[in-house]
Amino acid sequence: MAEAADFQGTSASPARRWLRRAGALLTGAPLLAGLLQLPAAGPAQAASSGPVSVSLDSLSPSAPTDDDTLTVSGTVTNNGKQAVTDAHVGLRVGSQLTTRSDIDSVARHSDDVQAATGSEVDDKYEEKFDKLAPGVAEHFSISVPMDKLDLGEDGVYEFDVALSGQTSAQRWDQVLGVQRTFLPWQPSDADTKTRATFLWPLISTVHMTAKTGAGELQTPEFLNDDLAKELAPGGRLAQMVELGKDLDITWVIDPDLLASVDAMAVGNYRIQNDDGTSTPGSREHQALAKQWLATLQKAVTGKEVVALPFGDPDLASLAHRGTSVTGSLSHLKDATEVAATTVKTVLHVTPSTAFAWPVNGAVDPSIMKVATSAGADQVIARSDSLQETSGLSYTPSAARPVGGGTTAVVADARLSRAFEGDLTKAGSATLAVQKFLAQSLELNGQTDRERSIVVAPQRMPTASQARAMAAALTALQGGTWSQSQDLTAAAKDKPDPGATTRIPSTSAYPSSLRRQELPRAAFDQIARTQDKLDNFQVILTDQSRVVTPFGRAINREMSTSWRGRSSEADNYRGGVEAWLDELADQVKLIDKSETKLSGRSATIPVTVQNNLVQPVGHLVLRLTSTQPTRLKIGGNAYYEQQVEVSGGHSQSVKFTTSANANGRATVIAQLYTEDGRRYGEAVTFDVKVTEVTPTVMLVIGGGVLLLVLAGFRMYTQRKRAAARQADEDGPGTAEEGPDQPGNPETPGGRLPEESDSASGADDPEQPSDPAPDTAPESADPSGTGERVDR
């Protein structure tokens with residue numbers, strides 16, 4: 001029947017008919033009933049899974065020795081529709097596994113009842129159940145002295161926990177459920193111990209934006225408050241630090257994580273809202289950040305710390321998509337340079353920056369070239385990428401010289417991937433721990449050669465994965481076949497002459513990883529943002545207020561953590577560029593309306609507004625006439641002046657103009673940086689020239705002269721009348737009349753001729769133009785019909 005089901009296109013019906021005919025010849029109803037219960041077709045895994053699931057929640061100690069008592073606990077659950085009677089959980093010791101592939105095979109069929117092996121240990125070490133009702137889970141716990149297991153020579157043994165019993169349809173004792181795992185057996189110190197390096201990554205997603213507050217503290221702004229959840233007790237990062245402090249590990253840290261936590265701890269950080277506003281972060285979360293940093297500082301004391309480039313840039317994306325964009329590699333260099341400073345400032349330790357770590361340790365020639373371009377001469381690869389081709393019967397040491405002074409530190413893929421997947425259930429975590437220990441012991445027993453092995457787990461383990469990793473490491477470091485060493489020592493160990501040093505081709509790079517890479521458009525946008533930043537920073541008196549937050553944000557735009565989160569990555573890059581544009585727009589020209597120019601020469605003011613908190617300079621304002629034959633600026637087609645504006649102020653810059661003919665001329669005002677690059681939007685306005693002729697000037701001059709003569713005549717007549725009146729009244733009898741100077745009834749309290757005087761200005765300004773260095777003002781365009789007189 002099994003053969004019939006295995007061939008594609010073969011129906012299961014002939015198999016059933018064969019069973020019916022065979023059943024007629026067989027005696028014994030129970031046997032016939034049992035045969036009829038067998039499935040006719042279906043996947044091998046489904047067919048071999050028993051009706052009872054067995055979960056092995058704890059196996060302690062994980063690596064027992066002679067005098068230990070092994071305690072096994074877990075649950076059994078009847079997933080069938082029939083009750084199981086006369087059931088018991090027993091322990092079975094299978095055969096010794098002699099290769100790492102054997103371990104993989106057992107792990108792939110861990111609940112295969114047909115693959116259960118070995119005979120049960122003494123029935124004194126079992127737990128009985130009279131009845132297992134459908135859908136009911138029962139707990140079990142069994143303890144057995146190790147000398148009762150009758151293990152042979154040192155090595156890895158299959159170890160099964162099986163539920164046996166009967167059902168109403170199958171009334172004989174049989175295995176109805178099993179959980180297969182591994183029992184590493186090395187009771188005394190091995191003759192040769194593996195030197196093992198375990199990387200402990202402290203890496204998170206991007207949390208900080210490019211925005212900072214306007215005050216001296218430059219309050220940072222976060223995308224959300226998710227980082228606080230990771231730092232809280234029981235959170236992922238809190239677990240990583242708490243578990244790692246007692247282990248012999250190499251800390252691999254993204255400095256961006258330290259900078260983000262430090263920003264939470266030292267100041268009043270803010271959280272970005274969907275509507276563009278922000279709210280203050282809580283004081284409780286600030287305290288969490290401080291406590292986490294204090295714990296981490298103690299944990300890394302005396303341990304090796306490896307600093308990745310700031311933001312953990314995606315080296316593969318950069319190699320495959322970014323190198324064709326000018327300037328992309330400079331960001332990697334910048335991220336590497338700032339990494340050591342950040343770690344030393346926050347943790348007070350000097351890290352190593354000699355290592356590059358491509359995602360999943362997958363490498364090709366272009367990745368190796370990019371990884372070492374910023375100064376790293378050691379690349380953490382993985383053995384499923386840098387595969388052995390020379391037919392070695394053992395796993396070689398991690399260090400591989402690959403040419404050009406570069407060393408590939410090849411992590412073991414089986415050990416590195418042992419803690420992937422969902423390990424929230426105790427049974428899954430226990431199996432992961434036992435498989436890791438089994439692979440480690442099997443690796444150690446392959447040869448008598450001394451070797452250095454590196455374990456590079458996933459970049460961001462979950463809290464449950466971290467707990468499983470810590471449990472496995474605790475058992476390994478307390479075991480008898482392994483000893484710890486740091487990553488630098490592993491990289492410097494003598495390489496195995498038979499190990500491959502050939503980097504796989506670009507075409508061999510996994511397509512699943514390539515699909516997750518940042519696109520070319522991302523690097524184009526990064527280059528555009530950097531170009532805008534370069535143009536903006538030259539006008540600032542305190543460049544660090546802008547260069548630092550935006551430089552770090554650009555590093556974050558290249559982060560490996562964006563894999564699988566393309567929309568979030570797009571939004572982040574767009575937000576950084578938009579905020580930079582908004583800041584740059586705070587320094588601009590105020591719009592002008594049409595200006596009227598009477599006469600041959602006058603001054604035209606143009607206003608520069610600075611709404612930043614810091615002064616700006618190194619700017620040049622150029623005023624250009626598009627019709628220099630009609631209107632010239634400073635005697636030429638254009639004229640330039642240096643501009644400096646205090647923070648929060650505006651500055652009017654005056655330009656001398658000369659007109660040669662009547663009519664309308666278009667004028668363009670444009671800011672430039674001192675290196676000749678345009679800054680901001682140009683302001684275009686019209687100047688209407690009204691030329692005054694000599695004849696008109698004579699007429700105006702004659703009118704003015706007549707007015708002066710008339711005024712003088714009125715003045716002399718009034719003086720004479722006053723004198724005659726005084727002679728008629730006699731001395732001492734005169735009274736103040738309504739026309740006397742100083743009389744409060746006289747309008748304005750002044751002589752009539754005083755009201756006719758006029759004051760002039762050498763450089764009249766337009767009514768809409770503010771005075772130089774004014775307080776912040778409206779950026780609305782000036783009123784229409786401005787008139788500029790001589």
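Description of the structure in this document. (Residues numbered from 1 in each chain as written. Predicted model: local features only at pLDDT ≥ 70, side-chain atom pairs only at ≥ 80, totals over all residues. Heavy atoms only, no water.)

Before going further, it helps to spend a moment on the overall build of the protein chain. Secondary structure assignment for the protein chain yields 21 helices and 30 strands. Per-residue burial over the protein chain gives 47% buried out of 790 residues. Looking at the protein chain alone, contacts between residues at least 24 apart form 77% of all its contacts between residues at least 6 apart. Of the roughly 37,500 Å² of accessible surface on the protein chain, 50% is carried by carbon and sulfur atoms. (Helix = DSSP H or I, 4+ residues; strand = E, 2+ residues; numbered from the N terminus. Buried < 20%, exposed > 50% of the residue type's maximum accessible area, 1.4 Å probe, protein only. Contact = heavy atoms within 4.5 Å. Areas by Shrake-Rupley, 256 points an atom, 1.4 Å probe, with all protein chains shown as cover.)

This paragraph deals with the environment of valine 106. Following the sequence through the fold, valine 106 ends up in helix 5 (residues 100-108). Relative accessible area serves as the criterion here: at 5%, valine 106 is assigned to the buried category. Through-space distance from the C-alpha of valine 106 to that of arginine 180 is 7.1 Å; in sequence the pair is 74 residues apart. Residues contacting valine 106, with those up to four places away along its chain left out, are Leu97, Glu158, Arg180 and Phe182.

Here helix 18 (residues 520-537) spans 26 Å end to end across 18 residues, near enough to the 26 Å set by a 1.5 Å rise per residue. Among the residues making up helix 18, those that are buried are Ala522, Phe523, Gln525, Ile526, Thr529, Leu533, Asn535, Phe536 and Gln537. In the core, the buried residues of helix 18 are packed alongside helix 10 (315-322), helix 11 (328-347), helix 19 (544-557), helix 20 (566-584), strand 28 (663-673) and strand 29 (678-690). (Expected span 1.5 Å × (residues − 1).)

Locating valine 363 in the fold gives a position in the loop between strand 15 (355-356) and helix 12 (365-371). The exposure class assigned to valine 363 is buried, which follows from its relative accessible area of 2%. Valine 363 sits 142 residues away from serine 505 along the chain, and the two C-alpha atoms are 8.6 Å apart. Those residues within four positions of valine 363 in sequence are excluded, and the remaining contacts are Pro358, Met368, Val379, Ala381, Ser385, Ile503 and Pro504.

Taken together, 4 strands build an open sheet; the order of strands is 9-10-12-13 and the sheet is mixed. Pairing within the sheet leaves two strands with one partner each, and these edge strands are strand 9 (208-212) and strand 13 (278-280). On average, adjacent strands in this sheet sit at an angle of 35 degrees to one another, irrespective of strand direction. As judged from the 3 bridges shared by strand 12 (residues 270-272) and strand 13, these two strands associate in the antiparallel manner. What sits directly across from isoleucine 271, in strand 13, is threonine 279. Packed on one face of the sheet, helix 8 (residues 255-266) meets strand 9 and strand 10 (220-222) and runs near 115 degrees to strand 10. (Pairing = 2+ DSSP bridges. Axes fitted to C-alpha atoms, helices over the stretch in contact; angles between N-to-C directions.)

Turning our eyes to something else, we now look at a negative patch on the surface. Negative charge collects at one region of the surface, where Asp66, Asp67, Asp147 and Asp150 lie side by side. As for its position among the elements, aspartate 150 is in the loop between strand 5 (137-145) and strand 6 (155-166). (Patch = residues over 30% accessible without salt bridge, like charges linked within 9 Å, V, L, I, M, F, W, Y side chains within 5 Å. Salt bridge = Lys/Arg side-chain N within 4 Å of Asp/Glu carboxyl O. Lys, Arg positive; Asp, Glu negative; His and termini not counted. Charge placed at Lys NZ, Arg CZ, Asp CG, Glu CD.)

What follows is about the sheet that holds strand 21 (residues 587-589). Ordered in space as 21-23-27-25, the 4 strands form an open sheet in which the pairing is antiparallel. At either end of the open sheet lies a strand with only one pairing partner, and these are strand 21 and strand 25 (631-633). Strand after strand, the sheet turns through a mean of 35 degrees between neighbouring axes, direction not considered.

With that out of the way, let us pick up the packing of aromatic side chains. In total, this model carries 6 aromatic pairs according to the counting rule given. Between phenylalanine 198 and phenylalanine 436, the aromatic rings sit 6.2 Å apart at their centres with planes inclined by 70 degrees, giving edge-to-face as the arrangement. In this pair, phenylalanine 198 is assigned in strand 8 (residues 194-202) and phenylalanine 436 in helix 14 (residues 426-444), connecting sequence segments 238 residues apart. The exposure classification of phenylalanine 198 matches that of phenylalanine 436, with both residues buried. Geometrically, the ring pair formed by phenylalanine 419 and phenylalanine 436 is tilted, given 5.2 Å between the ring centres and 40 degrees between the ring planes. With phenylalanine 419 in the loop between helix 13 (413-416) and helix 14 and phenylalanine 436 in helix 14, the pair connects residues that are 17 residues apart, well separated along the chain. (Phe/Tyr/Trp six-rings, centres within 6.5 Å; stacked < 30°, edge-to-face > 60°.)

A word on the nonpolar core. Core analysis: the largest hydrophobic core is formed by 75 residues, its most contacted members being Phe536, Phe550 and Leu621. Ranked by size, the runner-up nonpolar core spans 66 residues in total, among them Ile103, Trp200, Leu296 and Val305. (Core = buried A, V, L, I, M, F, W, Y, C linked by side-chain atoms within 4.5 Å.)

Time to look at a nonpolar patch on the surface. Among the surface-exposed residues, Leu705, Leu706 and Leu709 lie close enough to one another that they form a single nonpolar patch of about 330 Å² accessible area. With respect to the helices and strands, the residue leucine 706 is situated in helix 21 (residues 694-729). With a relative accessible area of 60%, leucine 706 lands in the exposed category.

Let us look at unusual backbone geometry. With an omega dihedral of -5 degrees, the bond running from serine 60 to proline 61 counts as a cis peptide bond. One non-glycine residue, aspartate 312, lies in the positive phi region at around 50 degrees. The residue aspartate 312 is located in the loop between strand 14 (304-307) and helix 10 in this model. Take aspartate 312: its relative accessible area is 3%, and that puts it in the buried class. With phi around 55 degrees, histidine 618 is a residue other than glycine that occupies positive phi space. Examined against the element boundaries, histidine 618 turns out to sit in strand 24 (residues 616-625). For histidine 618, a relative accessible area of 39% puts it in the partly exposed group.

Take the pattern of salt bridges next. All told, the structure shown has 29 salt bridges when counted by the stated rule. Between aspartate 334 and arginine 552 there is a salt bridge, with its nearest N and O atoms 2.6 Å apart. In this pair, aspartate 334 is assigned in helix 11 and arginine 552 in helix 19, connecting sequence segments 218 residues apart. For aspartate 524, the salt bridge goes to arginine 520, with nearest N and O atoms at 3.0 Å. Here arginine 520 and aspartate 524 lie together in helix 18, a separation of 4 residues that amounts to about one turn. One salt-bridge network, in which partners are shared between bridges, spans Asp314, Arg321, Glu517 and Arg563.

Once that is clear, we can look at the packing of helix 8 against helix 11. Packing of helix 8 against helix 11 brings their axes to within 9 Å, and their N-to-C directions diverge by 45 degrees. Regarding the angle of helix 8 to helix 11, the classification is oblique. Where helix 8 crosses over helix 11, the handedness of that crossing is left-handed. From helix 8, Pro255, Leu258, Ala259 and Asp262 reach across to helix 11, where they touch Ala339, Thr342, Val343, Val346 and Leu347. A breakdown of the residues in the contact of helix 8 with helix 11 according to their chemical character gives 7 nonpolar, 1 polar and 1 charged. (Parallel < 35°, antiparallel > 145°, perpendicular 65-115°, else oblique. Left-handed = near helix turned anticlockwise from the far one by under 90°. Nonpolar A, V, L, I, M, F, W, Y, C, P; charged D, E, K, R; others polar.)

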